[in-house]
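Coordinates in review
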Amino acid sequence: MISNPLRVGLIGYGFAGKTFHAPLIQSISAMTLSRVASSQPAKVLADYPLVVVDSSPLATLNHPDIDLVVIASPNDSHASLAMQALQANKHVVIDKPFTLTVAEAEALLAEARFRHRLLSVFHNRRWDSDFLALQAVITSGRLGNVVHLESNFNRFRPEVRHRWREQDQPGGGLWYDLGPHLIDQALQLFGMPQSVTARLAKLRPGAVATDWVHVVLDYGRRQIVLQASVLVAGGMPRFAAHGTLASWTKFGLDTQEDSLRDGQQPGCMDWGLDPLHGTLYLGESGAVELLPVPSGDYRHYYQGIADSIQQGGANPVPPEQALAVMVVLEAALKSAKFNQTISLPTTVSTDKSTSSRAKQHKDSLTIDPANYN
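Now for a description of the structure that goes with this document. Starting from 1, residues in each chain are numbered consecutively following that chain's sequence as written. Restriction of local features to residues with pLDDT of at least 70 applies here, the model being predicted, together with a cutoff of 80 or more for giving and counting side-chain atom pairs; totals for whole chains, interfaces and linings are based on all residues. Each side-chain value is derived from all of the structure's non-hydrogen atoms; neither hydrogens nor water enter the calculation.

1. Some remarks on the sheet that holds strand E13 (residues 278–282)
Defined as follows: A pair of strands is labelled paired if DSSP reports no fewer than 2 bridges between them. Secondary structure elements follow DSSP: runs of H or I no shorter than four residues count as helices, runs of E no shorter than two count as strands, and numbering proceeds from the N terminus. Contact between two residues is taken to exist if any of their heavy atoms lie within 4.5 Å; hydrogens are not considered. Axes here refer to lines fitted to C-alpha atoms; in helices the fit is confined to the stretch in contact. Angles between the N-to-C directions go from 0 to 180 degrees.
One open sheet holds the nine strands; their spatial order is E14-E13-E12-E11-E7-E10-E9-E8-E15, and the pairing between them is mixed. Looking at which strands have only one partner, the edges of the open sheet turn out to be strand E14 (288–291) and strand E15 (342–343). In this structure, strand E11 (residues 239–243) lies alongside strand E12 (residues 246–250), joined through four bridges in antiparallel fashion. By the bridge assignment for E12, Phe 239 is matched with Lys 250. Helix H6 (residues 129–140) contacts strand E7 (146–154), E11, E12, E13 and E14 of the sheet and is inclined by roughly 170° relative to E12.

2. Observations regarding unusual backbone geometry
Stated precisely, the cut-off is as follows: Only protein chains enter the accessibility calculation, which uses a 1.4 Å probe; a residue is then buried when its area is under 20% of its type maximum, exposed when over 50%, and partly exposed in between.
In the segment running from Lys 96 into Pro 97, the intervening peptide bond is cis, with an omega of -5°. Positive phi is not limited to glycine here, since Asp 270 has a value of about 65°. A relative accessible area of 53% means that Asp 270 is categorised as exposed. Notably, Asn 339 is not glycine yet its phi reads approximately 55°, a positive angle. Along the polypeptide, Asn 339 turns up in the loop between helix H10 (319–338) and E15.

3. Quick word on helix H4 (residues 78–87)
Along H4, eight of the 10 residues are buried, which leaves the element largely enclosed by surrounding structure. Listed in full, the buried residues belonging to H4 are His 78, Ala 79, Ser 80, Leu 81, Ala 82, Met 83, Ala 85 and Leu 86.

Encoded structure:
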C-alpha cells in the first residue's frame, strides 16, 4: 500500500495525454503528475511548469520515483511501453485501445499478475452522462427486456487530417479509436455476444484508414448495433434502446470532452452536466416522458485507480474486461476482412495467461522511443 500521493509518470502529451489524462490526474488529491515523456517539452511546461519532462519514455517508466505509469502514446506503442513499465514494477494505466491484438493483451495481463501490479485501461466512457442514463433506465425495468440497442458515436470531420489516427498504419482508423468505447459499453450492459458481424469502410475523399463502422453484436433474442462515422453532421441519437415495454432515446454526446478541450478543470461548476434529457416512449399507453440524465464524471476512474493501489480497492477497469473488449474488436476486424460472421465465446478465459505465456510474447514487444508524443 502507498499512503502518500501516487507519483504519476505520463507517457505522451498529444491529444489524449494533454486533454484527458493530465488534467484528470491533477484533479485527484491522491495523485500528483511528476514526470511527462514528450517530444514537445515547451508544450508540457506551458501547462505544468513544475513537472519534469523526459525526452524518452524509458526514462519516465524506469524512474525510481514513479509509482504509476500512464500510457497515452500512439496505439501501436501501447503493448511495448506497458510491458516495459510492468517489468520495471510500475502500476500501469493504458489509454484505449488496450493493445492492437488479443495476444498482446494476454501477455500484459499475465505480466501484471506475475508482478502483482495494477493494470487498467482507460475506458472512461463508462462515466459518460448518456451511458449512465442508459444504464439507469435499463436497470429500472421500464423498458422491459431490451431486445435492440443502437449505439452511435459520430463526428463531422469531412477533411482527412494528417495525424496518426487517420493514417493507414497499425492501430489507425475509427474502429481502433471509437470502437473500444462502443464495445466496452455494450459488454458492461449485456456481457459477451454470441457472434459479431462487421462492416468497415473509408467514405471520405482521400481517406486511407477506416472512417465508417457498422458492427452487429448478436445475443440471440437481443441485437446490438454499434455505429461510428466522421460524416454525420447531426440528426442521429447517441442511444436508441427498444424493449418489450418501452423505447428510450438520448441525443447528444457527454459534455466532458468538450469541457476538457476548452481548458475547464474537472470538478468545476456544472462539471459533466448534460443539458439534454432522455425520452421514454411507453408502448401500451403511448405516453412520452422526459427523463433527467445524471452528470458524467471521468474523475471516478482515476479516483478508483488511486483507491485500488493505496487501499486495495477494486480496479475500476480490470484488464480481464479490457481483454474481452479486444476479443470483440479483433473479431470485428476479421469479420470485415473476410465478410463473414465470427462466433465468440460466451466468456473470455484468462487462465492461459500465465507468466510463461507472458514470457512467450514479451520478448517480441520491442519499443521505439520515438513513437510517442
